[in-house]
Amino acid sequence: MVQVAPSILAADFAKLGQEVTMIHESGADRIHFDVMDGQYVPEISFGPGVLSAIRGYSDLPMDVHLMVREPERHIAAFARAGADSITVHVETTSHLDRTLREIKAFGKQAGVSLNPATSLSTLDYVLSLADIVLIMSVNPGYGGQAYIPGMSDKIMLLKKRILAAFGAAKIHVDGGIGLSSAETVINAGADVLISGSAFFTSPDKKTFIKNMKMGGVL
């Protein structure tokens, strides 16, 4: 069954521990932890100290998404802070193979993320190393953006590649994911739906999670 991972980038930072507890109690499957450096993307978000601080509020898998330049410089810190998976962008590291292997050496799931305009061909020689492939369905850097429809075709093509290679990578989709886009994304082949603004603005979080897993029942 498809999983849902709320992104705490859309949480109330003033009560982040309580927000993580709320995610845990909502029936969500994972927690998405966006790291932004103000260089690769315009905004600055969280560091490993924040991850370490909130780790005690939930035992759900914590997926760290490094939207930063030279992500290899930060892998050790986030691994030690409690990440269960660490995802890096194809566009931000010169040695993707080495970076993915380093993540796995820490005993963490290794993920690779692609921006909307980045070709799936960039995965040709690293797909066997990836536990996660994260398809950005908006341009990274800001929450609350609308889902880019063309990403559905990209997700479908990626699913075919993974199946053809007998791979085990799970497809995560991030950007504009809510009740109106869930069915399309699930049908395209997504395994994990990452939802930020839509989740946190929902008045009934448990019902939201349940409906997302059912394909966005309104």
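Reading guide: rules and limits
Residues numbered from 1 in each chain as written. Predicted model: local features only at pLDDT ≥ 70, side-chain atom pairs only at ≥ 80, totals over all residues. Heavy atoms only, no water. Helix = DSSP H or I, 4+ residues; strand = E, 2+ residues; numbered from the N terminus. Rg over C-alpha atoms; globule rule 2.2 N^0.38 Å. Buried < 20%, exposed > 50% of the residue type's maximum accessible area, 1.4 Å probe, protein only. Areas by Shrake-Rupley, 256 points an atom, 1.4 Å probe, with all protein chains shown as cover. Lys, Arg positive; Asp, Glu negative; His and termini not counted. Charge placed at Lys NZ, Arg CZ, Asp CG, Glu CD. Polar contact = N/O pair within 3.5 Å; in protein donor to acceptor, adjacent residues only side chain to side chain. Contact = heavy atoms within 4.5 Å. Pairing = 2+ DSSP bridges. Right-handed = clockwise from strand over helix to strand, strands pointing away. Axes fitted to C-alpha atoms, helices over the stretch in contact; angles between N-to-C directions. Parallel < 35°, antiparallel > 145°, perpendicular 65-115°, else oblique. Left-handed = near helix turned anticlockwise from the far one by under 90°. Nonpolar A, V, L, I, M, F, W, Y, C, P; charged D, E, K, R; others polar.

A.B. asks: Explain the overall build of the chain to me, using residue names and the numbers behind them.
C.D. replies: Scanning the chain for helices and strands turns up eight helices and eight strands. Taken over C-alpha atoms, the radius of gyration comes to 16 Å for the chain, in line with the 17 Å a tight globule of 218 residues would show. In terms of its C-alpha atoms, the chain occupies a principal-axis envelope of roughly 45 × 35 × 30 Å. With 218 residues in all, the chain has 54% of them scored as buried. Approximately 9700 Å² of the chain is accessible, and the part contributed by carbon and sulfur atoms is 52%. For the chain, the distance from the average position of its 19 positive side-chain charges to the average position of its 22 negative side-chain charges is 4 Å.

A.B. asks: Provide a residue-level description of the side chain of threonine 92, including the pertinent values.
C.D. replies: Its place among the elements puts threonine 92 in the loop between strand E4 (85-89) and helix H4 (96-105). Within polar-contact distance, the side chain of threonine 92 engages the backbone oxygen of histidine 89 at 2.9 Å. Setting aside residues up to four positions removed in sequence, threonine 92 forms contacts with Tyr40, Val68, Arg69, Glu70 and Pro71.

A.B. asks: Let's hear about the pairing of strand E2 (residues 31-36): which residues, and what values?
C.D. replies: On any regular strand, side chains alternate: one points to one face of the sheet, the next to the other face. Most of E2 sits inside the fold, with six of its six residues counted as buried. Residues Ile31, Phe33 and Val35 point to one face of E2 and His32, Asp34 and Met36 to the other, with burial holding for every one of them. Here six bridges tie E2 to strand E3 (residues 62-67), and the two strands are oriented parallel to one another. Across the sheet, residue aspartate 34 finds its bridge partner in E3, namely histidine 65.

A.B. asks: If you had to explain the pairing of strand E7 (residues 170-174) to someone new, which residues and values would you point to?
C.D. replies: Counting buried positions over the five residues of E7 gives four, a clear majority of the element. Summarising the sheet, strand E6 (residues 132-136) and E7 pair through five bridges and their orientation is parallel. Looking across to E7, one finds that isoleucine 132 is bridged to lysine 170. Following the backbone out of E6, through helix H5 (residues 151-164) and into the adjacent parallel E7, one traces a crossover that is right-handed. Where E7 and strand E8 (residues 192-195) come together, three bridges link them in parallel fashion. Looking across to E8, one finds that histidine 172 is bridged to valine 192. Each parallel crossover has a hand, and the one from E7 via helix H6 (residues 182-188) to E8 is right-handed.

A.B. asks: Go over the packing of helix H1 (residues 16-26) against helix H8 (residues 205-213), please, and point to the residues and values.
C.D. replies: Taken N-terminus to C-terminus, the directions of H1 and H8 make an angle of 50°; their axes are 9 Å apart at the nearest point. On the basis of the axis angle, H1 is oblique to H8. As H1 packs across H8, the resulting crossing turns out to be right-handed. On H8, the residues touching Met22, Glu25 and Ser26 of H1 are Lys205, Lys206 and Ile209. Of the residues belonging to the contact of H1 with H8, the class tally is two nonpolar, one polar and three charged.

A.B. asks: A description of the sheet that holds E3 should follow, citing residues and the corresponding values.
C.D. replies: Pairing is parallel across the open sheet formed by eight strands, whose spatial order is E1-E8-E7-E6-E5-E4-E3-E2. Looking at which strands have only one partner, the edges of the open sheet turn out to be strand E1 (3-6) and E2. Geometrically, the sheet is characterised by an average inter-axis angle of 25° between neighbouring strands, direction not taken into account. Sheet topology places E3 next to E4; four bridges connect them, and they run parallel.

A.B. asks: How would you explain the environment of glycine 107 if you had to name every residue and give the values?
C.D. replies: You can see glycine 107 is positioned in the loop between H4 and strand E5 (109-114). The class for glycine 107 is exposed, based on a relative accessible area of 63%. Along the sequence, glycine 107 and serine 85 sit 22 residues apart, while their C-alpha atoms lie 8.9 Å from each other.

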